[in-house]
Amino acid sequence: MIQVFEDRIFHLQGKNVSYVFFADGHGFLRHLYFGSKLCDLPVHLAQTAFLGAAVNFDGAQLPNDNLNAMLLENGCAQLGDYRRPSVLVRRANGSSLTDFRYEGYRLLDEHKLDGMPCVRGGKTAEIRLRAAGGLTLLLYYTVFDDSDVVVRSASLLNDGERVEIEKLSSFCLDLYDDSRDTLQLCGNWASECRVVRNSSHKGVLQISSAGRGATSHTTNAFLALPEHNATETAGSVVAVNLVYSGSFGLTCENTSLGICRIQGGIDEENFRWALNGGERFDAPQAVLVYSDGGLGGMSRALHRFYLRHLVNPTFAYAPRPVVVNNWEGTYFNFDSAALKEMIAVSKQIGADTFVLDDGWFENRNDDTNGLGDWNVDKAKLPCGIEEIIDCCHKAGLKFGLWFEPEMVNEGTTLFALHPEWALHNPDGGRVRARNQLVLDFCNGEVVEYVFRKMEEIIKKGVDYVKWDMNRYLADLYSASLPADRQGEVTHRYVLGVYSLAQKLVSTFPHLLIEGCSGGGGRFDAGMLYYFPQIWTSDNTDAYCRTFIQYGTSMCYPMSAMSAHYSVCPNHQTGRITSSEARFNVASVCCFGYELDVRKLTEEQREEIKEQIANYRRWQKLVTEGDLYRLANPADGLWAVCQVLPDKSCARVVGMHGLILENARPWLLKVQGLQDDASYVVQETGTEITGKTLRCAGILLPQVFRDFQTFALHLVKKQ
Ligand code: DGJ
C-alpha cells in the first residue's frame, strides 16, 4: 500500500515493512525510515533542529553542511553533499553538477522496464525530480502487500541538449546508523558465495564486478547490513540485491556524521551513456529488504519474494526435473551409442531429463574450437541430434542441451565470415579466455543470428537448455557502436543477453532454461527472471558445496540452485565423501547426477533409484518450502531445515565438516516448525513437538570421521 500526504510525504507499506520519505520545502527528497511496519508517520524525525534549519531556506543558496547531514533519497553532485552522488551527468556546457528537486509524483499499478528483467506486481510510486538543462530524474518505489521488500529503480529523461550519463544509481538509501556490519558474498571459480562479514568501517566500502560484464564469481550483486549483534535468528538486517547481470557496483559509505549511505547499480567505472534530447535511460531494479528476524528472516523474505514476483510463474513452484548430465561423465568424449546407453540407464534409475552438455557440435573435441557455428557434429552423432532427442522421448525422458550462446572460437565459419562480430581491441589484438572470444551482443544482428541458430535446434524437440558463459568480457569495444558510444558496451552487452533470453522464453514458453557461467559466475536476480534455476558451482564436492550453498542461500531460493551428485574422488578436489553425503547435500536444491551412468554397478543403480524416489517424495520442500539455516559449515557443521509453509512437514539435513576437535557433540536446535504441533520423525517413529525441537533441540550422535551426514524427515501429526 502507498499513502501520500500533502502531495509530498510518502508512506510505503509492505507486508511487515514501512518505508517513509518526503520532499522538503526546497524540493530535496529526504529519507525518514525503512524498517518494521509503522501505523503512523515518523514525521517528527524531519523536525530535528539539525534539519529544521533548512526549512525556511528559499532555495537561492544552499546550506552545505545541512545537505551533508541529511538522509537523502538521491545524492546530488557538487551541492555540498560530500558523500558519493547517485547521479552524475555531464552536460554540454561541461558541468556535472546535479541539482534535482521534487516536482511531483504518480502512483502506478504496474512498472515495467523495457528490455530488462523486472519484478511483477506491486504498487509503484513514481517520483519526479527536475534539474537544469531539461533533465528529469524518475525514482521508482514498488511495494507488495505480501512481501517485506521495496523495489527501487531510477530513470533519466532528457528534454535538453545531449548529455553524458556517467552514473545512475538504481537506488540510494541513507540511514542514521554507521555501526552495522557488512556482509558480502565473495569467492572465485569453484568457491562462489563465501560469506564475508566485517564489523563497521569508515569511508567507502565498494563491491563491484568491474569490467567483467557479468555479476561474477568474485562478488555477488548483494550486500547486507546486519546490526552488529544480529544473528541467524534475531536482530535487524537491511540488505540489497540487484536485478542485474552485468558489471555492477554497490557502495556502503559511512560518514563522519554517523550516516551510512548505500547505493549502486550499473558499475560506474566502465560506463558512459550518451543521452540525446527526447531520450530516456533506465537503471536496473534493486531489491531492498528489511528483516528484524536476523539473516534467516532476511533470506526467507528474499526467497519468497523472488518466487512470487520474479521467477517465471510457469516454473516458480513447479517440480523441477531430476537430470542426468554427461559433463563430468564423459567431457567431450562421447558418441551416439554412448549417449543412447546413458539414456537407457537414466531411464532405469528414474531420472526425468537427460542433459547433453558441451561437445555435441562440429569441431568440439576440446575447448579450443567450435563455439558459434552450432552445427551438430556428424562424426559423433551421424543421425543428428534428432536421434538422441527421439531416444530420450521414447524412453519417456525429456531432453536437455548445452549452449554457450555469447561466445565464438576463431576457427569457426562464423568467425571467418564476421570477425567484427567479436568484441575486440581496435588497435589490434584480442583477449582470449578459455580459447574463446566474446560475441558483440551490443549488435542486434549478432543476437538475431544466435537466436536463429538456437531456435533451429530447439525446435527439433529440446525441452531444456543449459545456457553457459565461460569467460568474462575484456576488449570493451564494439564495431557496431560509434566512438562516442563505446562507454555503453558493457551495459548494451547485457541488454543483448536479456533480449536473447526473452526471445527464447517467448518463443518456447515451456522450455526450462538453466543458467550457468562456469558455475555461479552469473548467479543473480536478473538471470533468475529468465532462468528459474542456475548451476551453482562447477565444484560438485559435497563438503565445498555446503559452503557454496550456504552462502548462495543468503539471497537466492533453494529452487534457484542446481546441484548434482557426482563421482568420487571428486573431479575438482579429489575428496572422497559417501554416496549418502553427496545425495544429502545436493538434495536440498534442484537435483541431478553429473557422471557416466553407464559405469554404475547394479547395486549403485539400485541405490540411486532409491535416492531419486526419495527426492521426489520430499521435493516440494525444495520448490515450496521455507529455508532455515541451522548450522554454518564454517563452524564445522552444515545443517538446514526445509519446512512447508503450512508447517505440515519438514526435512532436516546436515553434514559434519572436518573433524578438528575430538568428536564434539552437537546440539541442533530445529527452527521453522509449529511450536504446538507434534512431529513424527520418520526415521525413528519418535514424536516430538515443534517447541521441544526448537528449544531443546536434537543431540547429534558423536562422529569420528569427516563428512558424516544425516537426514531426518518430520511429519506433523494430524
Ligand atoms: C562450465 C560449466 O559450468 C560446466 O558445467 C560445463 O557445462 C562446462 N562449462 C562445459 O564446457
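Residues numbered from 1 in each chain as written. Predicted model: local features only at pLDDT ≥ 70, side-chain atom pairs only at ≥ 80, totals over all residues. Heavy atoms only, no water.

Per an unreviewed UniProt entry, the protein goes by the name Alpha-galactosidase and belongs to Candidatus Fimimonas merdipullorum. Here the protein is described in UniProt, under the heading Sequence similarities (unreviewed entry), as follows: "Belongs to the glycosyl hydrolase." For the protein, the Catalytic activity (unreviewed entry) comment in UniProt is given as "Hydrolysis of terminal, non-reducing alpha-D-galactose residues in alpha-D-galactosides, including galactose oligosaccharides, galactomannans and galactolipids." (UniProt positions renumbered as here; feature names shortened; annotations may be inferred.)

### Observations regarding the pairing of strand β30 (residues 561-566)
Counting buried residues along β30, 6 of its 6 residues qualify, which places the element largely inside the surrounding structure. As judged from the 2 bridges shared by strand β29 (residues 533-535) and β30, these two strands associate in the parallel manner. Looking at the pairing, Ile534 lines up with Met561 of β30. With respect to chirality, the unit in which β29 leads through helix α11 (residues 542-552) into the neighbouring parallel β30 is right-handed. For β30 and strand β31 (residues 590-594), the ladder comprises 5 bridges, and the chain directions are parallel. Residue pairing in the sheet places His564 in a bridge with Gly592 of β31. Once the chain exits β30 it traverses helix α12 (residues 579-586) before rejoining the sheet at β31, and the crossover so formed is right-handed. (Buried < 20%, exposed > 50% of the residue type's maximum accessible area, 1.4 Å probe, protein only. Helix = DSSP H or I, 4+ residues; strand = E, 2+ residues; numbered from the N terminus. Pairing = 2+ DSSP bridges. Right-handed = clockwise from strand over helix to strand, strands pointing away.)

### Description of the side chain of Asn241
By secondary structure assignment, the location of Asn241 is in strand β16 (residues 237-243). A relative accessible area of 0% places Asn241 in the buried class. At a separation of 3.2 Å, a polar atom in the side chain of Asn241 contacts the side chain of Tyr556. Dropping the residues within four chain positions of it, Asn241 is found in contact with Asn220, Ala221, Phe222, Ala286, Val287, Tyr306, Ala525, Cys555 and Tyr556. (Polar contact = N/O pair within 3.5 Å; in protein donor to acceptor, adjacent residues only side chain to side chain. Contact = heavy atoms within 4.5 Å.)

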